[in-house]
Amino acid sequence: MINSNIQIIPFKEDYQREIELLLDSISKEFSEPISTISKDKSLILPDSYLVAVAANKVVGTISITRLENSNSVLRKMFLHKNYRGQGIAELLLQNIVNWALGNNLKTIYLGTMTQFVTAQKFYEKHNFKKISIEELPKDFPINPIDSIFYKQNLIHPR
C-alpha cells in the first residue's frame, strides 16, 4: 500500500541537509559504515536524482547516472525506516526505471553492501540479477564498501 501523502520530486540543493540527516539515521541501524567519503565519488553527478517527500520532509532518495554503452548505475537509494513497507521504494525505483527507459538506457547496474540484506531481497524481487564484480562495465564507479553487485536489463516497450 503506497502512502498517498508521498511525493516523488527532483532533488534540489535545499534538500541536502535533510538527506544527510536521513543517511545518519540509517547508518545507526548498522554496526558497519554504510558510506565512504571519496572526492572522486562526489564528482559523479547523477543524471536523475529524486527524493521522496512526506509532510515536507525527505524520507527517501534514489539516483541514476549514465555510463557508456547505454548502461547506467543506480545510486543513493535510501528510505527512512519508518517509511519502509509502504510501497515508497517501489515508487522511487519505478520513477528511475521510467527515466532510464525514456532516455534509451539498456541496463541498470548497482552495488550494495553485505549488511543491506533487505535491500538485496528488494532488488531481486524487482528483477535485478546478482552478478560478479568482473561483470560490471569498465566505467562503473565501484564504492570500496560495496561487495554485492546487481544488474537489470531494461525491456523497452515497442
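Note: the structure precedes this text.
The structure displayed is predicted, hence computed values, not measured ones.

**Details of the overall build of the protein chain**
Scanning the protein chain from N- to C-terminus turns up 4 helices and 7 strands. Counting from the amino terminus, the protein chain carries its helices and strands in the arrangement β-α-α-β-β-β-α-β-α-β-β. The long-range fraction of contacts in the protein chain, counting pairs at least 24 apart against all pairs at least 6 apart in sequence, stands at 70%.

**Considerations on helix α4 (residues 117–125)**
Where α4 is concerned, the buried positions are Q120, F122 and Y123. When α4 is viewed along its axis, its buried side chains cluster within an angular range of 160° and face the same direction. Facing away from the buried side of α4 by more than 90 degrees, the exposed set consists of T118, K121 and K125. Buried residues belonging to α4 abut β4 (71–79), α3 (88–102), β5 (107–112), β6 (129–131) and β7 (148–153). N127 sits one or two positions beyond α4 and adopts a positive phi of about 70°.

**A closer look at the nonpolar core**
Side chains of a nonpolar character, in soluble globular proteins, are inclined to be buried together. In terms of nonpolar packing, the biggest core is built from 26 residues, with I62, L74, M77, L93, I108, Y123 and F128 touching the most fellow members. Here the element with the most residues in this core is α3; it accounts for 7 residues. What L93 contacts, discounting residues up to four positions off in sequence, is I62, L74, M77, F122, H126 and F128. Counting residues in hydrophobic clusters, the runner-up holds 11 residues, among them V51, V58, F78 and M113.

**Side note on the pattern of salt bridges**
In the structure shown here, the tally under the stated rule is 6 salt bridges. A salt bridge links E20 to R17; the nearest nitrogen and oxygen atoms lie 3.5 Å apart. Taken together, the residues E20 and R17, both in helix α1 (residues 16–27) and 3 residues apart, mark about one turn of the helix. Since its relative accessible area comes to 38%, E20 is described here as partly exposed. The residue R66 makes a salt bridge to D47 at a minimum N-O spacing of 3.9 Å.

**Side note on the sheet that holds β4**
On the basis of which strands lie adjacent, the open sheet formed by 7 strands has the order β1-β2-β3-β4-β5-β7-β6 and mixed pairing. Either end of the sheet is taken by a strand with one partner, and the two such strands are β1 (6–10) and β6. Ignoring which end each strand starts from, the neighbouring axes of this sheet average 25° apart. The pairing of β6 with β7 spans 3 bridges and is classified as antiparallel. Paired with K130 across the strands is Y150, a residue of β7. In the packing of α1 onto the sheet, the strands contacted are β2 (48–54), β3 (57–66) and β4, and the crossing angle to β3 comes to about 95°. Taken strand by strand, α4 contacts β4, β5, β6 and β7, and its axis lies near 20° from that of β7.

Rules and cut-offs
- Residues numbered from 1 in each chain as written.
- Predicted model: local features only at pLDDT ≥ 70, side-chain atom pairs only at ≥ 80, totals over all residues.
- Heavy atoms only, no water.
- Helix = DSSP H or I, 4+ residues; strand = E, 2+ residues; numbered from the N terminus.
- Contact = heavy atoms within 4.5 Å.
- Buried < 20%, exposed > 50% of the residue type's maximum accessible area, 1.4 Å probe, protein only.
- Arc of directions from axis to C-beta.
- Core = buried A, V, L, I, M, F, W, Y, C linked by side-chain atoms within 4.5 Å.
- Salt bridge = Lys/Arg side-chain N within 4 Å of Asp/Glu carboxyl O.
- Pairing = 2+ DSSP bridges.
- Axes fitted to C-alpha atoms, helices over the stretch in contact; angles between N-to-C directions.

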